[in-house]
Amino acid sequence: MIGAVTAMRALDDGRHRSEFYRMWRTGYAAGFAHPKSFEVMGPRESPLTEDARQWLMAGTKRGRGVAETVKAAGKRFEEFERSLLALGDESGRLEDSLRLLGEFYARKHRLMLWVKKKMAYPFFNLFFACFIAPFALLYFGHVKAYIIAAGTGVASLLFWSAALVMSIAAYYGRKPPLARARLARALVTAVEAGLPLPRAVRLAADASANPEIRAHVHRFSEQQLATRSISDALAGCPHLTPEFVAILATAEQTGDFSGLARLAELYEDGFR
C-alpha cells in the first residue's frame, strides 16, 4: 500500500513544481540571488522537486548560471523546463520563464486531479474483486482456501500497486482530449516564452505524452519545421480535431494564442 501512496504523491508533483517556480519568481523579483531564493523557500514536500531545488542551489552557489546548471541536471528537469529556463536565463527574461512554468504546472496539476478521480473507481473495483471473485470457496465451506485466495489477491494488488497506479494514470492521461489539452497548453507556453518554432512544436508534442502525436511531429526535420507554420506541421496529426487546427491557424495569424488556451480548458472540462 505504501507503493500506491508514493505513486499517488508522485502524481501531485505538478502542484509542488508550480509552488517551487512561483516562490523562485518571488525571490527573483525581490532581488535575491538564486541561492538565497532556494534557501528561503526551504525544503519541498515532493522528493522530485526537492532534488531539483538542491541541484539548482548547489550549482548556483558554485557560480554556475541557471542555464548551465539545468542542462547538466539529467532527469531532474523535464526537457520542457530545461528549454524555458535556459532561454529565460540566456535572454534576460528568467522572470517570465518562471511565471510561465508556474502557470503551466498549476494547470497540469488540475488536469492530474481529474485523472486521479477517474482512476479511483477501477482501483477500488480491483480491491473488492479480490474478495468477491473467490467467494464460491467460502459459500461451499472452504473458509481457509477463501482466506488464502483473497489474501493472495490483496497482497498481489498491494505489491503491484505503484505500477498499477502509474499505468492507470497513464491510460487516462493518454486519452485524446487530455493529450490535446496538454499539447495546447505546452504550445502556448513555449510560444509565449519565445522559443524557436521547431523547438516549441517538438516540446509541445513531447508534453502531450501521446505516442502518435509525438511520432507525427518527430518525423519532420528541423528545417521542415522551421519553414512551415505550426498549423501546417500539425495538419493530419492524430487526435487533433478540426476546431483545434482552425483555432491554431487563427492564433498564428493574429499572434493571440489565448483562444488555444481556452480550448485547452474546454478539453479539460470534458469537451470532446
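The following refers to the structure shown. None of the values given here were measured: they were computed from a predicted structure. (Residues numbered from 1 in each chain as written. Predicted model: local features only at pLDDT ≥ 70, side-chain atom pairs only at ≥ 80, totals over all residues. Heavy atoms only, no water.)

A few words on empty space enclosed by the protein. Under the defined criterion, the tally for this structure stands at 1 cavity of 30 Å³ or more. Estimates place the volume of the largest cavity at around 50 Å³. Lining the largest cavity are Phe104, Arg107, Lys108, Leu111, Arg182, Arg185 and Glu268. Every element with two or more residues in the lining of the largest cavity is listed here: helix 7 (94-132) and helix 11 (176-193). Broken down by element, the residue count for the lining of the largest cavity peaks at 4 residues, all from helix 7. Of the residues belonging to the lining of the largest cavity, the class tally is 2 nonpolar, no polar and 5 charged. (1 Å grid on protein atoms, 1.4 Å probe; cavity = no way out; pocket = protein on both sides within 12 Å on 5 of 7 lines; lining within 4 Å. Points joined across faces, edges and corners; volume = space filled by probe spheres on them. Helix = DSSP H or I, 4+ residues; strand = E, 2+ residues; numbered from the N terminus. Nonpolar A, V, L, I, M, F, W, Y, C, P; charged D, E, K, R; others polar.)

With that out of the way, let us pick up a nonpolar patch on the surface. On the surface, Phe135, Leu138, Tyr139, Phe140, Val143 and Ile147 cluster together into a nonpolar patch covering about 650 Å² of accessible area. Mapped onto the nonpolar patch, the elements with two or more residues apiece are helix 8 (135-139) and helix 9 (143-159). Along the chain, phenylalanine 135 turns up in helix 8. (Patch = residues over 30% accessible without salt bridge, like charges linked within 9 Å, V, L, I, M, F, W, Y side chains within 5 Å. Areas by Shrake-Rupley, 256 points an atom, 1.4 Å probe, with all protein chains shown as cover. Salt bridge = Lys/Arg side-chain N within 4 Å of Asp/Glu carboxyl O.)

With that settled, consider helix 16 (residues 242-254). Taking 1.5 Å of rise per residue, the 13 residues of helix 16 would be expected to cover 18 Å, and the 18 Å separating its terminal C-alpha atoms lies within 8% of that figure. All of the buried residues along helix 16 are Phe244, Leu248 and Ala251. Buried residues in helix 16, looked at end-on, bunch into an arc of 60°, giving them a common side. In helix 16, the exposed positions that point more than 90 degrees away from the buried face belong to Pro242, Gln253 and Thr254. Residues of helix 16 that are buried sit in contact with helix 11, helix 15 (230-234) and helix 17 (258-268). In the segment just after helix 16, glycine 255 is the residue with positive phi, at about 80°. (Expected span 1.5 Å × (residues − 1). Buried < 20%, exposed > 50% of the residue type's maximum accessible area, 1.4 Å probe, protein only. Arc of directions from axis to C-beta. Contact = heavy atoms within 4.5 Å.)

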